[in-house]
Each structure stands twice: as structure tokens, then as C-alpha cells.
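Examination of the molecular architecture
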Amino acid sequence: MSVALAPESVASHPVDLLLDIYERMLLIREFEERVKLLFLEGSMPGTIHQAQGQEGTAAGVCFALRPDDLITSTHRCHGHAIAKGVTAESMMVELFGKAGGCCAGKGGSMHMGDMAVGMPPAIAIVGGGIPLAAGMALALRMQKSDRVVACFFGEGATSEGAFHEGVNLAAIWNLPVIFACENNRYGASTDFSKVSKVHRVADRAAAYGIRGETVDGNDVIAVYEATQRAAEECRRGEGPVLLEMLTYRRTGHSRRDPNHYQPKEEQEYWYARDPIARLREALAPAHERALAERDGRVAEMIEDAVDAARNAPEPAPADLLTDVYATEIAR
Ligand SMILES: Cc1ncc(C[n+]2csc(CCOP(=O)(O)OP(=O)(O)O)c2C)c(N)n1
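A short tour of the structure in this document, coming up. Along every chain, residues carry numbers that run from 1 in the direction the sequence is written. Given that this is a predicted model, residues contribute local features only at a pLDDT of at least 70 and side-chain atom pairs are listed and counted only at 80 or more, while totals for whole chains, interfaces and linings are drawn from all residues. Derived side-chain values reflect all non-hydrogen atoms in the structure, with water molecules and hydrogen atoms excluded from consideration.

Only DSSP runs of H or I reaching four residues or more are called helices, and only runs of E reaching two or more are called strands; each is numbered from the N terminus. Check the secondary structure of the protein chain and you find eleven helices and seven strands. Expressed along its principal axes, the backbone C-alpha trace of the protein chain runs to roughly 50 × 50 × 40 Å. Burial classes: relative accessible area under 20% of the type maximum marks a residue as buried, over 50% as exposed, and values in between as partly exposed (1.4 Å probe, protein chains only). Of all 331 residues assigned to the protein chain, the portion counted as buried reaches 54%. Any pair of residues with heavy atoms lying within 4.5 Å of one another is described as a contacting pair. A fraction of 74% describes how many contacts in the protein chain between residues 6 or more apart in sequence connect residues 24 or more apart. For the protein chain, the exposed area adds up to about 14,400 Å²; of that, 55% sits on carbon and sulfur atoms. The charge count treats Lys and Arg as positive and Asp and Glu as negative. His and the chain ends do not count. To locate a charge, the coordinates of NZ of Lys, CZ of Arg, CG of Asp or CD of Glu are taken. For the protein chain, the centre of its 34 positive side-chain charges and the centre of its 46 negative side-chain charges are spaced 3 Å apart. Using the Shrake-Rupley algorithm and a 1.4 Å probe, accessible areas are obtained, with residue cover drawn only from the displayed protein chains.

Structure follows, in C-alpha cells:
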């Protein structure tokens, strides 16, 4: 049994919404688990950074957004992409480096995205998405739109100059950005306490005169509610907001990292707070049949994605230089 979610917060949301969130988080987990095996068997080029354990932050943020809102992402982008609506199939094809992938086979693991669902390809330069999010939000403001941008990054990125510049710019212009920090404690293998005297990322909001908030990132409902609050503020012109979500990755930083630096007691603390198990246990046994249906659907989606990736054609040499320039934000 996991550490339970607050019953009153579970009861305050429609069951169908919670089932949808559960399904999406499970899709992220199962996608990552299958990718791990496919990577080890040598089916995909490059390296991978995986997000098992962090499904609550990805899904909690993205479900609280409108479909026309935008996100930016990082080297650890698989979960964000699935949460925002990029299909598992187009991502699996992408990981195989095949034509028909969400970035035409040219992006790979660290650059997932699809402008059709409001996600420009992720940026693997740590902190690189932060000024970009401010710029996208400025573009939306100039278009007189009420869309918002959610900008994902890790706590390690908050020591980059790009964080200071991007957040400060968004702050002085009240831009509609939710700075969504996934604080999983480690930047690669380095504990955050070794690189920052400020231990709560949300406390850094004071330096920019904006609101900061820390939530349990493994409580998907808490993340969803906090993002809704932040999005409303942004739409009213009262943004940006710095949202810190405490979470934990269950894998190494990348596939070659065995994560020996994570103490056993710390792992046990977080494994008892797995975001998927917590929501499942909150919905079962009352909704066991619906949960089982969602489990079956996810399993099918993963099989279909792998079949599609294995059978997809290689990119044509003639397409080498297509799709390599920036996309304009559709109005
Ligand atoms: C500017 C820059 N410096 C270093 C790296 C190498 N690098 C990739 S991920 C990473 C750690 C990032 O930690 P964090 O921002 O907390 O994100 P997490 O990996 O925990 O999701 C580093 C140092 C990079 N990609 N870009």
C-alpha cells in the first residue's frame, strides 16, 4: 500500500477525469519501461533520459492546461510529450529514427514534440527552454491571446543563467508562464544541496517578485490544482508563477547511470509515494473495472506503437534538410 492521497481532494474531482489522468500516467510509465528494454536490445540510436516516477508532474500540469496552451520541455521529455498529447506511436517511431516520427526521425529522445498539440521540440540544453517560454509567452501576449505556457525544467536548471534571465524577463512583463520545476533532487548525480544554499526552489520566486509555491509532485491531484491556480493567474495577466513540484526519478539520470547515489531509505520513501499507485489505490476497488479497461488500453497502445516503429520506413535521404527550421506559433 502507498501513502494515501487525501480522500477529500479525490472526491472533489469527476471520476472520469481521474481515470483519464491515471491512464495517461500509466501510458508514460509503460512507454518508458518498454523503451528501456528496446534501448538495451539496441533498437534505437543515441541515449535516453527517462521519467519513471515523475508521471504525476507531467500529467498533473498538462491536464490542467487547455489544449491550445503551450509547453516547453527538456532532455527528460518523454513524459511531458505524452502528457500533452503527442502520441506514443509517433514518439516510438521517432525513437527508432524512422520517417513518420513526431519530429520526422530527426529529433530522437531529447527533442520530442509536436506543434499540433502545443509542444515545440524539447530542448536538451539545461535551462534552454526557460527564455524560450518567456519569448513564446510574449508572442501570445502580442497576439492578444489568453493562452499560457508551462515551462518544464529540473531543479538543476535553476542555477543556470538562463533561468535568471528568463524568469526575470517574464516577471517584469507579467508574462503568462508557469515555470514548472520538477525537483527530483538530483542534477545527474549531484544532490541539489551541494549546488544551492536555497533548498526550496519556490523561495527563489521572491528574487523576481513573483508567486512561488511548492507541492507534492507525486500527488497528481495537488499538481493539477496548483497548475489550475497558476494558469488562472496567468490568464488574468498576473503571471508568471514559479511552481516547484517535489518528485523522484526511479531510474538513473540516463541509461548508463545505475543511480547508486540514491540512498535506499530515500528510494523507499518515494516508492511508497508512487504517483500512479497512489491514484490507482484511491480509485480502487470502487472503479476496478474501469481501471482494468484503462490498463488494457494502455497495453494495446504500447504494442501498436512498437509494431508501428518496427515497420516504419527509414527517412529518405532527399528529406535530410526538410523540417529543420523553427515553426511559427499558430494563431
Ligand atoms: C547547459 C548544459 N549543461 C550541462 C548539460 C548536461 N546535463 C544534461 S542533464 C543534466 C542534469 C540536469 O538536471 P536537472 O535540471 O535537475 O534535470 P533532471 O535531469 O533532474 O530532469 C546535465 C548536467 C546540458 N545538457 N546542458
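Structure's up, so let's keep going.
All right, on to the pattern of salt bridges then. The salt bridge criterion pairs a side-chain nitrogen of Lys or Arg with a carboxyl oxygen of Asp or Glu, the two atoms within 4 Å. Scanning all chains against the criterion turns up 23 salt bridges. A salt bridge links D191 to R185; the nearest nitrogen and oxygen atoms lie 2.8 Å apart. Here D295 and R280 are joined by a salt bridge, their closest N and O atoms 2.6 Å apart. Taken as a pair, D295 in helix α11 (residues 288-311) and R280 in helix α10 (residues 275-283) lie far apart in primary sequence, 15 residues in all.

Bringing the nonpolar core into the picture now. Among buried residues, those of type Ala, Val, Leu, Ile, Met, Phe, Trp, Tyr and Cys that are joined through side-chain atoms within 4.5 Å constitute a nonpolar core. In terms of nonpolar packing, the biggest core is built from 70 residues, with I21, F31, M92, I178 and L279 touching the most fellow members. If you tally residues by element for this core, the top one is helix α2 (residues 15-40), at 13 residues. Excluding residues within four positions of it along the chain, I21 makes contact with A59, F63, V220, Y224 and L279.

Here we come to the pairing of strand β7 (residues 241-246). β7 sits mainly inside the fold: six of its six residues count as buried. Burial along β7 is two-sided: V241, L243 and M245 and L242, E244 and L246, pointing in opposite directions, are all buried. We call two strands paired when DSSP finds no fewer than two bridges between them. Of the strand pairs in this sheet, strand β3 (residues 177-183) and β7 are connected by six bridges, and their pairing is parallel. Note on β7: the bridge partner recorded for I178 is V241.

The next point concerns a negative patch on the surface. Patch definition: residues above 30% relative accessible area lacking any salt bridge, with like charges linked at up to 9 Å and the nonpolar side chains Val, Leu, Ile, Met, Phe, Trp and Tyr linked at up to 5 Å. Among the surface-exposed residues, E89, E300, D304 and D307 lie close enough to one another that they form a single negatively charged patch. It is α11 that provides the largest number of residues to the negative patch, a total of three residues. For D307, the location among the structural elements is in helix α11. Residue D307 is classed as partly exposed on the basis of its relative accessible area of 43%.

Let's shift gears to the site of the ligand. Here a residue counts as near a molecule or strand whenever at least one of its heavy atoms sits within 4 Å of it. In the vicinity of the ligand lie 15 residues, with H75, R76, A124, G156 and N184 positioned nearest. Polar contact is defined as a pair of N or O atoms within 3.5 Å, subject to the rule that within protein one atom must be able to donate a hydrogen and the other to accept it, and that residues adjacent in sequence are counted only when both atoms are side-chain atoms. A distance of 2.8 Å separates an oxygen atom of the ligand from a polar side-chain atom of R76. At a separation of 3.1 Å, an oxygen atom of the ligand approaches a polar side-chain atom of E155. Taken by itself the ligand offers 580 Å² of open surface, and the protein chains cover 70% of this. Residues are grouped as follows: Ala, Val, Leu, Ile, Met, Phe, Trp, Tyr, Cys and Pro are nonpolar; Asp, Glu, Lys and Arg are charged; all remaining types, including Gly, are polar. A per-class count over the shell around the ligand returns six nonpolar, six polar and three charged.

A few words on the environment of A202. Checked against the element boundaries, A202 lands in the loop between β5 (190-191) and β6 (211-216). Once the C-alpha coordinates of A202 and V215 are considered, the two residues, 13 residues apart in sequence, prove to be 9.6 Å apart. For A202, the contacting residues outside a window of four places in its chain are G212, E213, T214, L242 and E244.

On to the sheet that holds strand β1 (residues 70-72), then. Here we have five strands laid out as an open sheet, ordered β1-β2-β3-β7-β6, and parallel in their pairing. What marks the edges here is a single partner per strand, and that holds for β1 and β6. Across this sheet, the average inter-strand angle for adjacent strands is 20 degrees, counted without regard to direction. Examined bridge by bridge, β1 and strand β2 (residues 149-154) share three bridges and lie parallel to one another. Angles here are taken between N-to-C directions and fall from 0 to 180 degrees, while the axes themselves are lines fitted to C-alpha atoms, restricted in helices to the stretch in contact.

We now examine the packing of aromatic side chains. Two aromatic rings from Phe, Tyr or Trp, using only the six-membered ring of Trp, form a pair when their centres are within 6.5 Å; if the ring planes differ by under 30 degrees the pair is stacked, by over 60 it is edge-to-face, and anything between is tilted. Under the defined criterion, the tally for this structure stands at six aromatic pairs. Ring geometry for Y248 versus W270: centroids 5.7 Å apart, planes at 5 degrees, classification stacked. Placement of the pair is Y248 in the loop between β7 and α9 (264-271) and W270 in helix α9, with a sequence separation of 22 residues. Taken together through their ring pairs, the aromatic side chains of F153, F163, F179 and Y208 make up a single cluster. The ring of Y269 carries R273 above its face, with NZ or CZ at 3.6 Å from the centroid. Whether a charge sits over a ring depends on NZ of Lys or CZ of Arg being within 6 Å of the ring centre and within 35 degrees of the ring normal.

By themselves, these figures tell us nothing about what the structure is for.
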